[in-house]
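As a plain string of letters, each chain reads:
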Amino acid sequence: MFTTTDFIPNQYISTVEKGNFEWSAPSNIALVKYWGKKDNQIPANPSVSFTLKNCKTITKLGFTKKSASAEVSGQLSVANEFSFDLLFEGKPKEDFKPKIQKFLERIEIYLPFLKDYHFTIDTQNTFPHSSGIASSASGMAALAMNFMSLERLLNPKMTDDYFYQKASFLARLGSGSACRSVKGNVVVWGNQANIEESSDLYGVEFPYVIHDNFKNYQDTILLVDKGEKQVSSTVGHDLMHNHPYAERRFAQAHENLDQLIAIFESGNLDEFIKVVESEALTLHAMMMTSMPYFILMKPNTLQIINAIWKFRNETHIPVCFTLDAGANVHVLYPESVSQKVLQFIQDELVVFCQNRQYICDQIGDGAIAL
Ligand code: PMV
């Protein structure tokens, strides 16, 4: 297990002038939710997620050592400042820059070479821009992978284990849930007594048996509301401080994660559904009982939940829902029933989606070097 100091490098043994990398990193959907944090992006409770496959960010990182670029362009690079251009879908995107600047400031101590280079960060998502699907998890994970590729050039002796766990550690500092978008189908983040190697500092692959029922598990994301959220997750997490139910909620997350260990092994989908739907509704219950209180679900979110419950009661098909910090609904089901569930979605649920839009996704493996 790594500690924070393990991620502060000593001297690098190699040098590199310029080059580029490209990584894709997926989004993920939490089953046990992370909601509430301590300083430095340390989660108040552990969480576990399915890594997605199709919803991802693809980021290209170009880098040029500043002394070399100064010679080429005839300009004097400022040695003690971060220097980067940010492109979104190939076009400059100034309004993303402050977030990246803040990320670089947070991770500089762990990647002390960052001010030595000028970077070009060129990023795009596979999912529609304003779909209400947060791109911060996939985006921060993709960027962290690229920076780790550069660090590996400077330190070629780096092990794979260190490479991925530090990437997850860095991604966490960009956006908490991003640390679960690096490697593995099922990822745990946060200390949990019964899960070996689990850590508050980074995500780890779920280390125990996972039943075949969960192989290629499907996630169809129903786009209920594509608008800007009224309350950001940063504000939402913050409202868990002094929240009247916080302590009980954090304890419950540990209990639910323990239950999932047994459920992943047995493949018991009825029990899986109970934990997952309860987690989703508890997350939103925490929002509704914050001060100030807020609601991110929309009327159509509830219409969909009720329709899923009715369908499940009538057909006994093990389909369930989860929610993230927004109005969209993730419909989760095993691959074996996908035809029937997709038919149901088309017949009964798309009417509740904005412009009838939904995205078909499924469990995936994590970040990929391109
Ligand atoms: O990573 P953040 O700060 O955007 O928080 C994500 C919070 C939830 O999506 C609601 C839950 C989770 O565990 O992903």
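Residues numbered from 1 in each chain as written. Predicted model: local features only at pLDDT ≥ 70, side-chain atom pairs only at ≥ 80, totals over all residues. Heavy atoms only, no water.

As annotated in an unreviewed UniProt entry, the protein chain is Diphosphomevalonate decarboxylase from Flavobacterium hibernum.

Concerning the overall build of the protein chain
Keep this limit in mind: Labels follow the DSSP assignment, with helices taken as runs of H or I lasting at least four residues and strands as runs of E lasting at least two, numbered in each case from the N terminus. Between the two quantities, the radius of gyration covers C-alpha atoms and the globule rule is 2.2 Å times the number of residues to the power 0.38. Contact between two residues is taken to exist if any of their heavy atoms lie within 4.5 Å; hydrogens are not considered. Residue-level accessible areas treat just the shown protein chains as cover; the underlying method is Shrake-Rupley with a 1.4 Å probe. Charged residues are defined here as Lys and Arg on the positive side and Asp and Glu on the negative side; His and the ends of the chain fall outside this count. To locate a charge, take NZ of a lysine, CZ of an arginine, CG of an aspartate or CD of a glutamate.
Along the backbone of the protein chain there are nine helices and 14 strands. At 21 Å, the protein chain has a C-alpha radius of gyration in line with the 21 Å of a compact globule built from 370 residues. With the principal axes as the frame, the protein chain shows a C-alpha extent of 70 × 45 × 40 Å. A fraction of 76% describes how many contacts in the protein chain between residues 6 or more apart in sequence connect residues 24 or more apart. For the protein chain, the accessible area works out to roughly 16800 Å², and carbon and sulfur atoms hold 49% of it. Placing the 33 positive and 41 negative side-chain charges of the protein chain at their respective mean positions leaves the two points 3 Å apart.

Notes on the UniProt feature "domain: Mvd1 C-terminal" (unreviewed entry) in the protein chain
Selection rule: UniProt positions are given in the numbering used here, feature names are shortened, and annotations may be inferred rather than shown by experiment.
Per the UniProt record, "domain: Mvd1 C-terminal" (unreviewed entry) is found at residues 221-349. This span, residues 221-349, is 59% helix and 9% strand, and a straight line between its end C-alpha atoms measures 11 Å.

Here we look at the site of the ligand
In plain terms, the rule: Throughout, near means a residue has at least one heavy atom within 4 Å of the molecule or strand. Whenever two N or O atoms come within 3.5 Å, that pair is a polar contact, provided that in protein one can donate a hydrogen and the other can accept it, and provided that, for residues adjacent in sequence, both atoms are side-chain atoms.
Lining the immediate surroundings of the ligand are 13 residues, of which Tyr34, Ser177, Arg180, Ser233 and His237 lie closest. Separating an oxygen atom of the ligand from a backbone N or O atom of Tyr34 is a distance of 2.9 Å. Residue Ser233 places a side-chain N or O atom 3.2 Å away from an oxygen atom belonging to the ligand. Computed on the free molecule, the ligand has an accessible area of 380 Å², of which 89% lies beneath the protein chains in the complex.

Examining helix H9 (residues 338-349)
Inclusion rule: Throughout this description, buried means an accessible area under 20% of the type-specific maximum (1.4 Å probe, protein chains only), exposed means over 50%, and partly exposed covers the range between. Directions are taken from the helix axis to each C-beta atom, and the arc is the one they span.
Looking only at H9, the buried set comprises Ser338, Val341, Phe344, Ile345 and Leu349. Taken around the axis of H9, the buried residues stretch over an arc of 125 degrees, which confines them to a single face. Exposed side of H9, more than 90 degrees from the buried face: Gln339, Lys340 and Asp347 are the residues found there. Its buried side turned inward, H9 meets strand S10 (218-222), helix H8 (299-315) and strand S12 (329-333).

Some details on the packing of aromatic side chains
As a reminder of what qualifies: Pairing of aromatic side chains requires ring centres within 6.5 Å, counting the rings of Phe and Tyr and the six-membered ring of Trp. Pairs whose planes differ by under 30 degrees are stacked, by over 60 edge-to-face, and all others tilted. Think of it as a cone above the ring: NZ of Lys or CZ of Arg counts as a charge over the ring if it is within 6 Å of the ring centre and within 35 degrees of the ring normal.
Under the criterion given, the structure shown has 30 aromatic pairs. Measuring from centroid to centroid gives 5.2 Å for Phe119 and Phe147, while their planes differ by 75 degrees, and the two rings are edge-to-face. On the criterion of sequence distance, the pair formed by Phe119 in strand S7 (residues 117-125) and Phe147 in helix H3 (residues 136-154) is long-range, its members being 28 residues apart. The burial state of Phe119 is the same as that of Phe147; both residues are buried. Aromatic rings pair up to connect Tyr12, Phe21, Phe63, Phe113, Tyr117, Phe119 and Phe147 into one cluster. It is Lys93 that lies over the ring of Phe96; its NZ or CZ is 5.1 Å from the centre. If you follow Lys97 out to its NZ or CZ, it ends over the ring of Phe84, 5.0 Å from the centre.

Here's the deal with the packing of helix H6 (residues 246-266) against helix H7 (residues 269-288)
Describing two packed helices takes the angle between their axes plus the distance from one axis to the other. Stated precisely, the cut-off is as follows: Every angle, taken between N-to-C directions, lies between 0 and 180 degrees, and every axis is a line fitted to C-alpha atoms, over only the stretch in contact when it is a helix. Roughly parallel covers angles under 35 degrees, roughly antiparallel covers those over 145, roughly perpendicular covers 65 to 115, and oblique covers all other angles. Each crossing gets its handedness from the near helix: less than a right angle anticlockwise from the far helix is left-handed, clockwise is right-handed.
Where H6 meets H7, the closest approach of the two axes is 10 Å, and the angle between their N-to-C directions is 160 degrees. What the angle tells us is that H6 and H7 run roughly antiparallel. As H6 runs across H7, the sense of the crossing is left-handed. Facing H6, whose interface residues are Arg249, Gln252, Ala253, Asn256, Gln259, Leu260, Ile263 and Phe264, H7 presents Glu271, Phe272, Val275, Ser278, Glu279, Thr282 and Met286.

Some thoughts on helix H2 (residues 97-107)
Within H2, burial applies to Ile100, Phe103, Leu104 and Ile107. In a view along the axis of H2, the buried residues occupy a sector of 100 degrees, so they form one face of it. Those residues of H2 that are buried lie in contact with strand S5 (83-88), S7, H3 and helix H4 (160-174).

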